[in-house]
Amino acid sequence: MSDFVHLVCPHCDGINRLPAGRSAEQANCGKCHQPLFTGQPLALDEGRFKRHLQKSELPLLVDFWAPWCGPCRMMAPAFGAAAKELEPQIRLIKVNTEEAQQLGAQYGIRSIPTLMLIHQGRELARQAGAMDQSGIIRWTRNQLQGA
């Protein structure tokens with residue numbers, strides 16, 4: 001087991017090494033000095049998504065959505081609220097499939113919203129359809145326990 005956990009900063013995308021025993025809740029980026037966790041999902045384009053996927057050791061909970069999708073818009077506040085409870089153990093990410101079409105195609109996203117849980121580059125689980133905050137949290141924790 002490594003003595004450090006690598007985290008990508010949500011602000012500058014700098015890579016941070018956090019001692020494994022240290023709480024990440026109050027940790028700041030060594031490059032931009034901003035908090036490593038904001039309690040909000042990150043809206044990422046393809047390039048930033050790949051950086052977080054490849055360089056962060058945290059599980060990523062990704063919401064694939066589109067602005068024209070009614071259920072996506074309805075789920076957005078619940079996903080945001082879930083970030084407050086799931087961080088810092090999990091990084092929550094939003095990917096707009098209209099802007100990041102290659103990512104949607106790469107991951108075979110056929111319906112939206114779709115939640116996907118990824119850890120160390122490997123898809124652990126996915127769930128299509130809108131969920132409320134408690135459903136998002138419960139589903140995520142259940143998937144991580146089974147992994």
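Before reading further, recall that the structure is shown in the block above.
Residues numbered from 1 in each chain as written. Predicted model: local features only at pLDDT ≥ 70, side-chain atom pairs only at ≥ 80, totals over all residues. Heavy atoms only, no water.

Novice: Quick one: what's the story with the pairing of strand S6 (residues 114–119), residue by residue and with numbers?
Specialist: With five of six residues buried, S6 is to be regarded as a mostly interior element. If you look at the hairpin formed by S6 and strand S7 (residues 122–128), you'll find two residues sitting between the two strands, and Gln120 has a positive phi there, around 50°. (Buried < 20%, exposed > 50% of the residue type's maximum accessible area, 1.4 Å probe, protein only. Helix = DSSP H or I, 4+ residues; strand = E, 2+ residues; numbered from the N terminus. Pairing = 2+ DSSP bridges.)

Novice: Before we move on, can you summarise the state of the cysteines with the specific residues and values?
Specialist: Under the definition given, this model contains zero disulfides. Of the cysteine sulfurs around Cys12, a residue in no disulfide, the closest is that of Cys29, at 3.6 Å. (Disulfide = S-S within 2.5 Å.)

Novice: Report on the packing of aromatic side chains, specifying residues and quantitative values.
Specialist: If you walk through the whole model with that rule in mind, you get two aromatic pairs. Here Phe49 and Tyr107 contribute two aromatic rings whose centre-to-centre distance is 6.0 Å and whose plane-to-plane angle is 80°, an arrangement assigned as edge-to-face. On the criterion of sequence distance, the pair formed by Phe49 in helix H1 (residues 46–55) and Tyr107 in the loop between helix H3 (101–106) and S6 is long-range, its members being 58 residues apart. With a centroid separation of 6.0 Å and an interplanar angle of 45°, the aromatic rings of Phe64 and Tyr107 are classed as tilted. Note that Phe64 is positioned in strand S4 (residues 60–65) and Tyr107 in the loop between H3 and S6, a separation of 43 residues in sequence. One exposure class covers both Phe64 and Tyr107, and it is buried. Taking NZ or CZ as reference, Arg17 lies 3.9 Å from the ring centre of Phe4, over its face. (Phe/Tyr/Trp six-rings, centres within 6.5 Å; stacked < 30°, edge-to-face > 60°. Lys NZ or Arg CZ within 6 Å of the ring centre and 35° of its normal.)

Novice: Explain the nonpolar core residue by residue, including any values.
Specialist: Formed by 16 residues in total, the largest nonpolar core has its most connected members in Leu61, Leu86, Leu92, Leu115, Ile136 and Trp139. Of all the secondary structure elements, the ones that give two or more residues to this core are helix H2 (70–86), S6 and helix H4 (133–146). For this core, the element with the most residues is H2, which contributes six residues. With sequence-adjacent residues up to four places away left out, Leu115 is seen in contact with Leu61, Val62, Asp63, Met75, Phe79, Ala125, Arg126, Gln127, Met131, Ile136 and Trp139. If you look at the next biggest cluster of nonpolar residues, it comprises 15 residues, including Leu44, Phe49, Val95 and Met116. (Core = buried A, V, L, I, M, F, W, Y, C linked by side-chain atoms within 4.5 Å. Contact = heavy atoms within 4.5 Å.)

Novice: I'd love a proper account of the sheet that holds S7, names of residues and values included.
Specialist: Here we have five strands laid out as an open sheet, ordered S3-S5-S4-S6-S7, and mixed in their pairing. The open sheet is flanked by strand S3 (42–43) and S7, the only strands paired with a single partner. Looking at chain direction, S4 and strand S5 (residues 91–96) are connected through six bridges and run parallel. The residue bridging Leu61 from the neighbouring strand is Leu92, located in S5. Sitting on the sheet, H1 is in contact with S3, S4, S5 and S6, with an inclination near 150° to S5. The strands touched by H4 within the sheet are S4, S6 and S7, with S6 carrying the most contacts at an inclination of about 35°. (Axes fitted to C-alpha atoms, helices over the stretch in contact; angles between N-to-C directions.)

Novice: Give a description of the side chain of Thr114 that names residues and reports values.
Specialist: Within the secondary structure, Thr114 is located in strand S6. Look at Thr114 and you get buried, because its relative accessible area is 3%. With near-sequence residues (within four places) excluded, Thr114 lies in contact with Val62, Asp63, Phe64, Ile109, Arg126, Gln127 and Ala128.

Novice: Can you break down the environment of Ser56 residue by residue, with the values?
Specialist: You can see Ser56 is positioned in the loop between H1 and S4. Relative accessible area serves as the criterion here: at 6%, Ser56 is assigned to the buried category. Each C-alpha atom of the pair Ser56 and Ile136 lies 21 Å from the other, and the pair is 80 residues apart in sequence. Once residues within four sequence positions are removed from consideration, Ser56 is found in contact with His6, Leu7, Val8 and Arg51. A polar contact is formed between the side chain of Ser56 and the backbone nitrogen of Leu58, at a distance of 3.3 Å. (Polar contact = N/O pair within 3.5 Å; in protein donor to acceptor, adjacent residues only side chain to side chain.)

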